[in-house]
Each structure stands twice: as structure tokens, then as C-alpha cells.
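Close look at the chain arrangement
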2 protein chains.
Amino acid sequence: MACGVGVIGAGTVGSGVIHTLLTNGDAILDQSGQTVRLRHVADLNLEPLKAFDLSGVTVSTDAKALIHDPDVSVVCELIGGVEPAKTFILEALRAGKNVVTANKMLLALHARELNEVAIENGVDLRYEAAVAGTIPIIKALREGLAANHIQAIYGIMNGTCNYILTRMSLEDLPFDAVLQQAMAAGFAETPPDLDIEGHDTAHKCTILASLAYSTPVKLDDLYVEGITGITRQDVAYTQEMGYQVKLLAVIRKVDGEIEARVNPTLVPEDHLLAAVKYEFNAIYVESDIADATLYYGRGAGKLPTASAVVADVVDIARRDGAPAPVPFRYAHEWPVREMGLLCGQYYLRIVTEDKPGVLGTVCGILGEHGVSIASCTQKDEHGPSPVNVVLMTHETTEAQVKAALAEIDALAFITEPAHLIRVL
Amino acid sequence: MACGVGVIGAGTVGSGVIHTLLTNGDAILDQSGQTVRLRHVADLNLEPLKAFDLSGVTVSTDAKALIHDPDVSVVCELIGGVEPAKTFILEALRAGKNVVTANKMLLALHARELNEVAIENGVDLRYEAAVAGTIPIIKALREGLAANHIQAIYGIMNGTCNYILTRMSLEDLPFDAVLQQAMAAGFAETPPDLDIEGHDTAHKCTILASLAYSTPVKLDDLYVEGITGITRQDVAYTQEMGYQVKLLAVIRKVDGEIEARVNPTLVPEDHLLAAVKYEFNAIYVESDIADATLYYGRGAGKLPTASAVVADVVDIARRDGAPAPVPFRYAHEWPVREMGLLCGQYYLRIVTEDKPGVLGTVCGILGEHGVSIASCTQKDEHGPSPVNVVLMTHETTEAQVKAALAEIDALAFITEPAHLIRVL
């Protein structure tokens, strides 16, 4: 029995899914033994569909007609955003249709509700494409690593940020210049805030943390810091110290609480994540039985995202009408850990007038707050004032560092707020 | 309903599986909603089982009793080798039991027969652990990349070889010294031939090539070259040229034929595979929709291998008694491509007496066979004779290079057979 697919949304990802279903049926048949057939496409704008030969496929501007089309057993929601995507998905689930979506924002906000409706209706809700595009990280956490307690997840999950940071590092360019070029080339979205402020990564971080620890993590509980504060100097100084700056989602369980956060992070040069360049994504997982694993690929783009969407469709098709497997249910209610409790090493850059006693005062304040210094270098020694004091701390808590910096930033000879980057 | 598991073989991997099932049931339940219970262990040597609390578990020296134990619905075959593993697996499949195995040699030789018996009996035969241990590459090919035509697979799939090559490269050590240390530390098997001669990688290459192209590849049809011919000089010279030597399985489809081979390969420094160090494995896959993806982790070891075995068990448990999904069947009968047709760049090291005219003669012979030279360096110029002539060719065929080298090796002033390493 052929599996009938409906695609709501014929934008970038939707077009990629349509292309894949129309051209790669032979590959799908080889791997799954199943025929997967595009039966219905719905969008308010039918213009992009002119590129395809859609004979035998119903085309409409009515998503609800698609949902209730008896030829459609799997509904792909590819319009993005919260509404009307959520309404469509709920209606499809309640109509007994399996749903595949790439909608990370919706899942970050409403995964619990959508999951419950899927369970009530005995259908599948799948969203591999919502996190890191083509990388099968949801499959890895739920299936490949099913026998493991997850110890930590470190993810490079935003291609725009990784592209900007890579070029800043390799070409010694300032943030703004690379961002402008990326936007002009249509590579970064306009406006780019969702990417560069870390919110896109936070959506994915929320989804992964919830799955990894079987607990409903709230998006609002995450600490989120983007890459707009990363300067050319910080990239150069930390590179000298043997690090690459990467925007990471970090997910861990510490003392019965979930650490889930997004922030620029210094990754040692010899760590595999440091070798992940330009727009590529990678997710490094530490777990108790499998030890370290890493998954790498394109986190966005028309076809790579489509690959993940269609993989979910094929998994559903493979069941060949048998009931949906036991669905994912949250087993716990772990709280998200307060950021102040975070424990680690910190890179600090203090920008100050070049005056006697400055270093002593700064180091004194750090010491008073229990922040111990591993290394300290004064940069631009022969340049004009202000100067950069670059410090690497020993392991300390976020609360201690932040308290010390608040005091340091208030000093008369400090010319701009301190720069801080956490170390992996 | 709890899924009952039987483990045949309580050696390294078997003990890892027993440990995982006994300690990580909570993780399995969180991810799958299923209870997976160890019900029966069989081995001729019951000594290793003393480490475990096996109350409630049947322990026997009779694999057939385990297979027919009504409490066992999934049989894990973890004894390795062809017989009696094959007999046990066939008997289990015919008894309607699902089978999970880590037995790469058996699968490389008999996958087709075993698959067919599984299909006839409507049960699952799974073997994620047989290829690259904890790396979910079979899941990636069959599920994550199901919508793709695979263009190429490059795999570092033998930890012992990668460990030896990494230390040769980082510490400038000769092959024998590292091998002896690895064997003394119990890290490399004794004898190490299956690993260092490339046969272990060839087993895995056969399994992956068969899956990727849905065709029954024969182990004997593969070209297999191990790392015993790789010298300290070759590692050093190629490193100067910007490469790392890696033992790769290479799988591609070219003109309706399957290229499937195992040989040392020069990987450019900036390729992610070059950053895979020591005993870790990684598999790089190029495909038409997802583009490049890479999967990294431990390819061997008690717990990492157990992680993959139990993941397969959990996938079966997740069906909760529903029929096995449509099984994998070979859809094609592609032949394996002759090695002489291989097309690529070659690193050559010619060892010769230091006499006038040598370089001209060598280059002349290469030219006569249509092998064009991209670079040529004479090493050890001021050292004693013999000298090393290091050449990098432009793209050429294996047949051309081999014909030229046969002629060169026969020259009077050549002191040892030419060294050849293929370039990625």
C-alpha cells in the first residue's frame, strides 16, 4: 500500500520535500520497501509549484482540505511559525493523520500539548528536521542512544552564526562586516536577530533538552546569549590561547536539574567541534554507555532539511499501517538550573585606561569574589590607551564572576563593560 | 508487555550488554516507554557472569535452550565468528525470534541468506553493532538518509589502525613500535592481522556497500590493503604535503558498478576525517539530498558496542509485538568495479640509488603510461644512498599507475618496490 503524503507550505523546505518525493522514490523504495507518494500540496501562494510536474497531485489553497483528503495519511507542516501551523497540526492529529514538521519554534513552545494530542489519537508526530536539519539527532537520542543516560550535549546548531564565527576566525574580520556580507548574499536572514541573538539555537536546545532528559523544558527558562558581543579581538586573543569561538547549545543534568543554555563558548582547537566550519552544524553527545558520539551535517537549506522531513515520512511508511509505536512521554519534571550555579572556566577581557595600579585593583576584586586567575596578559602594550587585559580564570561559578565584573565595570578607569566568554 | 532478551555469549560485548540491560532500564523506559528485561544468558564459560546479580535470569550453557525459551523474544548473538553463530541465528529466526547480532564477519559472508530467513519468518534481524560499534551508521543509511541516493561513503572503521596511524603521525614513530606497544597494552588483538591487514574494515565495508546500494556485495570482490606497508617516512612526507594517512573503506557507485575497497588513503588536513584521532571511528557520507554528513564515535569496546546492540533490542521492543516492518531486500545486482578502473591522485615514493639520470628515467616511464606528475621532490638529498623520490600524480587510473610501477620496480637502480598511497 502506497503511503500518501500531503505538504502544507510550498516555500523553501516544502519545495525541497516536493522535489525529493518526486525524484527519489527509487531510493526510498530501495531502503524501505515502501512507495511514498505525494498526493496533495496546499499553500496560499501556488507560484513555486510551477517548477514541478504535479500531474496526479491535488493542489489547493486550502490546508484543511488537504488534512481531510482521504488519500493523505501523512501531513507535512512546513509553513513555520506558531499560527496557523499549530491549528493545522492539531486538526491533522485529531483527524487521525500522522504529522511531520520542521517547525522548531512551535515545538519549543508547544511540544507537550502536540505530543499529547498525537498520543490520544494513536498517530505519530515527528520532527527530525526541526533540530539541525539533516543531522539525525532526534533519532540518535531516542533510538541510537536509547540505552544511555545522556551526560552532556554540545551543539553547533545555527549555520549563520557558525559561518560568521568561522570567517571572523579564518580571515580576521569584524563581526559586522561578515554579517553584512552574509545578508547581502542572502545567506543570513533579514533581519538576522533570530539567528545571531541565539534564539534559533534556543528553540533547538529546548527540544533536545526535553528529549534527552524526558522532561518538559520551558524555552523561557533558558539562558540565551548570541554572538553580537563577540569581537575580532576576542576571536584573535582566544585563538592565540588555542581556542575557537563557537555558539553552543549546552545541555547537561547536574544534581537533578537541567542545565540548558545557549552562549558563545571557547572550544579547544583539538576538539572535533572546533573543526566544524562555515554553515555546517554538529552535535557532540556524551553518554554513559556509548561514550562520546558526534553527528555532523547541514543544519539548514532546502534539500538537507527536506532529507530529514522525508526520512520521518519513510519511518511512518515503513510501519505499513501498523499502529504508531509507543509514543514519547515526559517521564520527569526536572527544573532548569539557575545560571548563577554554572561552574567552569571563563575568558575575560577588561578594557581599561592604561594607568598604574589597574591590574592590581582588577585582580584584587576577582580575588575577593573567590575568582582565581589561571593566566593574565595585557595586550596592546605599546598601543594607545585604552588597553585590553585578557584573563583566563580557574574553575569558578557564574555568580562569582558576574558579581566581580559588576564591581569592576563600575571602576572609574574602566572604559567599557567587561567581555566574557565561557570555556567548554 | 516487557520484552524478554536472551544473550548468547558472555564475553566482552556480551558482558557489556548484560551490564547495560541490568543498569540502564530506566533510560530505556524514558526513551521508548518499554521495559526490556534480560531473561536468559548462555555461554560455555559462565565465569564472567559472577560479576553480575542475575537473580531472575536463567543461566545456561545451552544456546538452543535459550533460543527456545518462551520468555525470550529477542536473541542477541554475541559469540562472533561464523560457526556456531550462524546455526544459532538461523535456528532463532526459524523459531520466530528476533535476532540482534554484532557479528560482522558472519554478515559480510552470509547477510543475504540470514536476511532471507528473517523475512520468511516475519522477524527482525538487526546488526547496528556490527559496523563501527556505537556509530548509528546502519540506521543512518536505512532511515536517516532513506530519501537519498548515496554518492560516496568514506569510513574510518578500525580503531586499532587509526590508533597506530595517529601515533605514527603525532609522535613520529615507526609502525612496528606502535603496534608492539598497542599489543602489549592489550589494545590491539594478538595476532593483529585481521585489523592491520584491513580485513576487519573489509567486513564492515561489505555490509555498508550492500546496504547503501541495496545490492549483495561479495567480500571476496573487495580490494583490501592494510596499513603494514605504511612507513614513518610516508607519514612524515605526506604530512608535509598537508595530508593525514587514514585506513579508509571507500564505497561509491560509478557507471552502474560498485566501487568498494579498503586501503590507506591520504586525507587533506582540513577534512573532518583528518581530525578523527586514536581509536575513534567516523563515517563520512555524501548523498544527493542531505549533502555531506558525518557520524563519529567509538568503533569497538565493551560498552560502546553494547550501546548499539541494546539500541537494536529497544527498536524491536518499541514495536510492542506489532509485526516486523518491511524488511530489507536487495533490489539490485550491481557488480563490484575492477580496481584498475579506479581514478584518482596517487602519492608515490620511489627508493633508488642516487645516480644521474634516475629521475629522468622514472618520470619518463610514468609519462609513457600516461601518468602526469603534479609534484616531485627528492628527499634526503645530502644523506647516503638510496634516496627517496616523492611524487604526487595528477588524476590517473590505477591500471596506468600499476603498469608504470611494475616497469619502474624492475629497473636496476631501484632498491625496493615503490610505495603507493591513494589520495581522497
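Residues numbered from 1 in each chain as written. Chains lettered and ligands numbered in written order. Predicted model: local features only at pLDDT ≥ 70, side-chain atom pairs only at ≥ 80, totals over all residues.

**Points about the overall build of chain A**
When its secondary structure is counted, chain A shows 14 helices and 18 strands. Computed over its C-alpha atoms, the radius of gyration of chain A comes to 24 Å, within 12% of the 22 Å expected for a compact globule of 424 residues. The dimensions of chain A, computed from C-alpha atoms along their principal axes, are 80 × 45 × 35 Å. Evaluated residue by residue, chain A yields a buried proportion of 54% over its 424 residues. (Helix = DSSP H or I, 4+ residues; strand = E, 2+ residues; numbered from the N terminus. Rg over C-alpha atoms; globule rule 2.2 N^0.38 Å. Buried ≥ 20, exposed ≤ 12 C-beta atoms within 10 Å, placed from the backbone.)

**Regarding the domain arrangement of chain A**
Here chain A is partitioned into domain 1 (3-133 + 302-318), domain 2 (137-298) and domain 3 (340-423). If you average the C-alpha positions of domain 1 of chain A and of domain 3 of chain A, the two centres end up 51 Å apart. (Domains from an automatic or database assignment.)

**Thoughts on the packing of helix 6 (residues 137-144) of chain B against helix 10 (residues 199-212) of chain B**
Residues and elements named next belong to chain B. Interaxial distance between helix 6 and helix 10 falls to 10 Å at its minimum, and their mutual angle equals 10°. The orientation of helix 6 with respect to helix 10, classified from their angle, is roughly parallel. Across the interface between the two elements, Ile137, Ile138, Leu141 and Arg142 of helix 6 pack against Leu208, Leu211 and Ala212 of helix 10. In the contact of helix 6 with helix 10, the residues fall into six nonpolar, no polar and one charged. (Axes fitted to C-alpha atoms, helices over the stretch in contact; angles between N-to-C directions. Parallel < 35°, antiparallel > 145°, perpendicular 65-115°, else oblique. Contact = placed C-beta atoms within 7 Å. Nonpolar A, V, L, I, M, F, W, Y, C, P; charged D, E, K, R; others polar.)

**Some points on the confidence of the model for chain A**
Model confidence for chain A is summarised by a mean pLDDT of 95, while 98% of its residues fall at 70 or above. In the predicted assembly, ipTM is 0.96 and pTM is 0.97. (pLDDT = per-residue confidence, 0-100.)

**A closer look at unusual backbone geometry**
Across the junction of Glu83(A) and Pro84(A), the peptide omega takes the value 5°, indicating a cis bond. Cis geometry marks the peptide bond from Thr190(B) to Pro191(B), where omega comes out at -5°. Positive phi, normally seen in glycine, also occurs at Asp291(B), with a value near 65°. Tracing the sequence through the fold places Asp291(B) in strand 12 (residues 291-298).

**Observations regarding the interface of chain A and chain B**
Contact residues are listed per partner, giving 52 residues for chain A and 52 residues for chain B. Taken together, the elements giving at least two residues each to the side of chain A that touches chain B come down to helix 2 (25-32), helix 6 (137-144), strand 12 (291-298) and helix 12 (302-318) of chain A. Among the elements that take part in the side of chain A that touches chain B, helix 12 of chain A stands out by supplying nine residues, more than any other. Its residues assigned to classes, the side of chain A that touches chain B shows 27 nonpolar, 14 polar and eleven charged. The sheet contact formed by strand 12 of chain A and strand 12 of chain B spans three bridges and is antiparallel. Looking across to strand 12 of chain B, one finds that Tyr295(A) is bridged to Tyr295(B). (Pairing = 2+ DSSP bridges.)

**Looking at the packing of helix 7 (residues 159-171) of chain A against helix 8 (residues 175-184) of chain A**
Residue and element names in this part refer to chain A. Packing of helix 7 against helix 8 leaves a shortest axis separation of 9 Å and a crossing angle of 130°. Comparing the axis directions of helix 7 and helix 8 gives the class oblique. Classified by chirality, the crossing of helix 8 by helix 7 is right-handed. Contacts between helix 7 and helix 8 pair Thr160, Tyr163, Ile164, Arg167 and Met168 from the former with Phe175, Val178, Leu179 and Ala182 from the latter. Looking at the contact of helix 7 with helix 8 residue by residue, the class counts come to seven nonpolar, one polar and one charged. (Left-handed = near helix turned anticlockwise from the far one by under 90°.)

**Observations concerning helix 8 (residues 175-184) of chain B**
Residue and element names in this part refer to chain B. Inspection of helix 8 places Phe175, Leu179 and Ala182 among the buried residues, and these make up the whole buried set. What you see down the axis of helix 8 is that its buried residues fit within an arc of 65°, all on one side. In helix 8, the exposed residues that point more than 90 degrees away from the buried face are Asp176 and Ala184. The elements touched by buried residues of helix 8 are helix 7 (159-171) and helix 9 (193-196). (Arc of directions from axis to C-beta.)

**Some thoughts on the relation of the copies chain A and chain B**
The pair of chain copies shares a relation made of a rotation about an axis and a shift along it. Its rotation angle being 180°, the transformation that places chain A on chain B also includes 0.0 Å of axial translation and leaves an RMSD of 0.0 Å. The two molecules are tied by a two-fold rotation axis, judged by turn and shift. Closest to the rotation axis within chain A is the C-alpha of Tyr295(A), separated from it by 2.4 Å. Looking at the interface residues of chain A, 100% of them are also at the interface in chain B, so both copies use one shared face. (Least-squares fit on C-alpha atoms with pLDDT ≥ 70 in both.)

**A short note on the sheet that holds strand 3 (residues 58-60) of chain B**
All names here are of chain B. If you walk across this open sheet you meet the six strands as 3-2-1-4-5-6, and the pairing is parallel. Two strands lie at the open edges of the sheet, namely strand 3 and strand 6 (125-126), each paired on one side alone. In this structure, strand 5 (residues 98-101) lies alongside strand 6, joined through two bridges in parallel fashion. Opposite Val99, over in strand 6, you have Leu125 as the bridge partner.

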